[in-house]
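# Structural overview
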Amino acid sequence: MALLDIRDLVVRYGEIEALRGVSFSVEQGKVVTLLGANGAGKSTTLRAISGLAKPAAGEILFDGKSIAGLGPEAIVRLGISHVPEGRRVFPGLTVKENIMLGASNRRAPKKQLSDEADAMFDLFPDIRAFSNALGWTLSGGQLQMVAVARGLMAKPKLLLLDEPSLGLAPVIVQAVFRIISEIRRTTTVLLVEQNARMGLSVADYGYVLETGRIVLGGKPDELWGNEAIAAAYLGGHAKAG
Ligand SMILES: Nc1ncnc2c1ncn2[C@@H]1O[C@H](COP(=O)(O)OP(=O)(O)O)[C@@H](O)[C@H]1O
Ligand SMILES: [Mg+2]
């Protein structure tokens, strides 16, 4: 059984049907990438999984249990951590305090959580220097690393990452994707990307979402291998990857 199984999911914002019957699954231990143009419904899919958007119809099974319609706190406690678009970081807190916020679902002793937060800087050495500073100024890439580290502090069974590369310079994008390939050793990941080449580079499986529907799914080499499909959905880099 897949860790996450989504069946015929429909989400509406008033009159707008953002998801029109989306079905896909994420196997335990894999990285699955959801690709699609702006407005396709990628973020809405993640928001429905993490309880931020209410499904109008369909089923979301996590570990075999229905979670559709549960609130965000209940879903975090079940082991799903969502790193949303936009890298929200709280300026009044230190970087380490920002990271520790991600553990609010856990009952572990404070000392243990503090040690775990310190250990995050092995994975994210670029932000270690800011650990205990207030009044820090971080680059877009560093803010993204804080956001991902916070997501990992929840010790999730499933990490949802929404466009971690958005707006970052290419060299920083590569650093972020190196981190994702580290994370995948221990955590199942559902990754949303507009950058098809990067998104598929770390994926075991990819799906293409178009105006609220999955139009394509396959292993990365299958998706790249079909030239017509690559040209239509993946930005035309048929031979890339
Ligand atoms: N809060 C909202 N209110 C109304 N419409 C929304 C809202 N959020 C997203 N939408 C619409 O739902 C569709 C899917 O959006 P979204 O899931 O954000 O797409 P993506 O993440 O793929 O860019 C778009 O048509 C978008 O305009
Ligand atoms: Mg989005």
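Quick note: structure is the one above.
This section reports on the structure supplied with the text. Note that this is a predicted model, so its numbers are computed, not measured.

## A short note on the packing of helix α5 (residues 140-153) against helix α6 (residues 170-183)
Packed helix pairs are characterised by how far apart their axes lie and by the angle those axes make with each other. Contact geometry of α5 with α6 gives a least axis separation of 10 Å together with a crossing angle of 15 degrees. As summarised for this structure, α5 and α6 are arranged roughly parallel, according to the angle between their axes. As for how α5 packs across α6, the hand of that crossing is right-handed. Residues G141, Q144, M145, V148 and L152 of α5 touch α6, and the partners they reach there are I172, A175, V176, I179 and I183. Partitioned by chemical class, the residues of the contact of α5 with α6 number eight nonpolar, two polar and no charged.

## A few points about the pattern of salt bridges
For side chains of opposite charge, pairing can occur when their charged atoms come near one another. Summed over all chains, the structure comprises 11 salt bridges. A salt bridge links K111 to D115; the nearest nitrogen and oxygen atoms lie 2.8 Å apart. In this pair, K111 and D115 both sit in helix α4 (residues 110-123), four residues apart, roughly one turn of the helix. In this structure, E116 engages K155 in a salt bridge whose closest nitrogen and oxygen atoms are separated by 3.6 Å. In this pair, E116 sits in helix α4 while K155 sits in the loop between α5 and β7 (158-162), placing the two residues 39 residues apart along the sequence. Residue classification places K155 among the exposed residues on the basis of a relative accessible area of 54%. Because the salt bridges share partners, they merge into one network encompassing R106, E116 and K155.

Each value, and the rule that gives it
Residues numbered from 1 in each chain as written. Chains lettered and ligands numbered in written order. Predicted model: local features only at pLDDT ≥ 70, side-chain atom pairs only at ≥ 80, totals over all residues. Heavy atoms only, no water. Axes fitted to C-alpha atoms, helices over the stretch in contact; angles between N-to-C directions. Helix = DSSP H or I, 4+ residues; strand = E, 2+ residues; numbered from the N terminus. Parallel < 35°, antiparallel > 145°, perpendicular 65-115°, else oblique. Left-handed = near helix turned anticlockwise from the far one by under 90°. Contact = heavy atoms within 4.5 Å. Nonpolar A, V, L, I, M, F, W, Y, C, P; charged D, E, K, R; others polar. Salt bridge = Lys/Arg side-chain N within 4 Å of Asp/Glu carboxyl O. Buried < 20%, exposed > 50% of the residue type's maximum accessible area, 1.4 Å probe, protein only.

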